[in-house]
Amino acid sequence: MNELALNSSHDIFLQGDHICRISRMQKRVQQAVHCLLRTEEGEAFTNREHGVPWLEKVAGLPMNHLDVAQKILREKIEKVDGVKEVVSIEIKADGRNISGKFSVRSKDDENIIGAF
């Protein structure tokens, strides 16, 4: 798991001229899930399986099939290092825009929530 801290633009977070690292497991897992959900599957040249198949499998689903999208996201999130279980996933589709919330439990039993 990448322990480099990222800023809101998803760039490496610098404090002065020092690269910041994440020390808390909860924050590392949250950032790893966010990175996964913001990456199209195949986009990362170092790991073609990282990311979500947003364009290939999720974006074209009809509104009444969001359960399929939840299943895809659940399977991807469960593979994130540090995730013990996925507690819940909520997905909202507004035309071509997909957003949502997630709740996971880390391997050290911390509850972690986030939005995408």
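Residues numbered from 1 in each chain as written. Predicted model: local features only at pLDDT ≥ 70, side-chain atom pairs only at ≥ 80, totals over all residues. Heavy atoms only, no water.

### As for the overall build of the protein
Working step 1: If you tally the helices and strands in the protein, you get 3 helices and 5 strands.
Working step 2: Going residue by residue from the N terminus, the α and β elements of the protein occur as β-β-α-α-α-β-β-β.
Working step 3: For the protein, the C-alpha radius of gyration of 15 Å lies close to 13 Å, the compact-globule estimate for 116 residues.
Working step 4: For the protein, the C-alpha atoms occupy an extent of roughly 45 × 30 × 25 Å along the three principal directions.
Working step 5: Scored against the burial criterion, the 116 residues of the protein give a buried share of 34%.
Working step 6: Contacts in the protein between residues at least 24 apart in sequence constitute 36% of all its contacts with a sequence separation of at least 6.
Working step 7: By element, 48% of the accessible surface of the protein is carried by carbon and sulfur atoms, the whole surface being about 7,700 Å².
Working step 8: Both charge centroids of the protein, one from 17 positive and one from 18 negative side chains, sit 2 Å from each other. (Helix = DSSP H or I, 4+ residues; strand = E, 2+ residues; numbered from the N terminus. Rg over C-alpha atoms; globule rule 2.2 N^0.38 Å. Buried < 20%, exposed > 50% of the residue type's maximum accessible area, 1.4 Å probe, protein only. Contact = heavy atoms within 4.5 Å. Areas by Shrake-Rupley, 256 points an atom, 1.4 Å probe, with all protein chains shown as cover. Lys, Arg positive; Asp, Glu negative; His and termini not counted. Charge placed at Lys NZ, Arg CZ, Asp CG, Glu CD.)

### Some remarks on the state of the cysteines
Working step 1: Under the defined criterion, the tally for this structure stands at 0 disulfides.
Working step 2: The thiol sulfur of Cys20 is not disulfide-bonded, and the nearest other cysteine sulfur, from Cys35, lies at 16 Å. (Disulfide = S-S within 2.5 Å.)

### Things to note about the sheet that holds strand β5 (residues 111-115)
Working step 1: Overall, antiparallel pairing links the 3 strands, which are arranged β3-β4-β5 in an open sheet. Each edge of the open sheet is held by one strand with a lone partner, namely β3 (83-94) and β5. Neighbour-to-neighbour, the strand axes of the sheet open up by a mean angle of 10°, direction not taken into account.
Working step 2: Here strand β4 (residues 97-106) runs beside β5; their pairing, made up of 5 bridges, is antiparallel. The partner of Arg105 across the bridge, within β5, is Asn111.
Working step 3: Set on the sheet, helix α1 (residues 25-37) makes contact with β3, β4 and β5; between it and β5 the angle comes to about 35°.
Working step 4: Packing of helix α3 (residues 66-78) onto the sheet brings it into contact with β3 and β4, and relative to β3 it is tilted by some 145°. (Pairing = 2+ DSSP bridges. Axes fitted to C-alpha atoms, helices over the stretch in contact; angles between N-to-C directions.)

### Comments concerning the confidence of the model for the protein
Working step 1: Scored by pLDDT, the protein comes out at a mean of 90, with 98% of its residues at no less than 70.
Working step 2: Mean pLDDT across the elements of the protein bottoms out in strand β1 (residues 14-15) (87) and peaks in β5 (96). (pLDDT = per-residue confidence, 0-100.)

### Concerning the environment of Glu90
Working step 1: Position of Glu90 among the secondary structure elements: in strand β3.
Working step 2: According to the relative accessible area criterion, Glu90 is partly exposed, its value standing at 43%.
Working step 3: Residues Glu90 and Gln31, 59 residues apart in the sequence, show an inter-C-alpha distance of 18 Å.
Working step 4: Ignoring sequence-local partners within four residues, the contact set of Glu90 consists of Gln70, Ser99, Gly100, Lys101 and Phe116.

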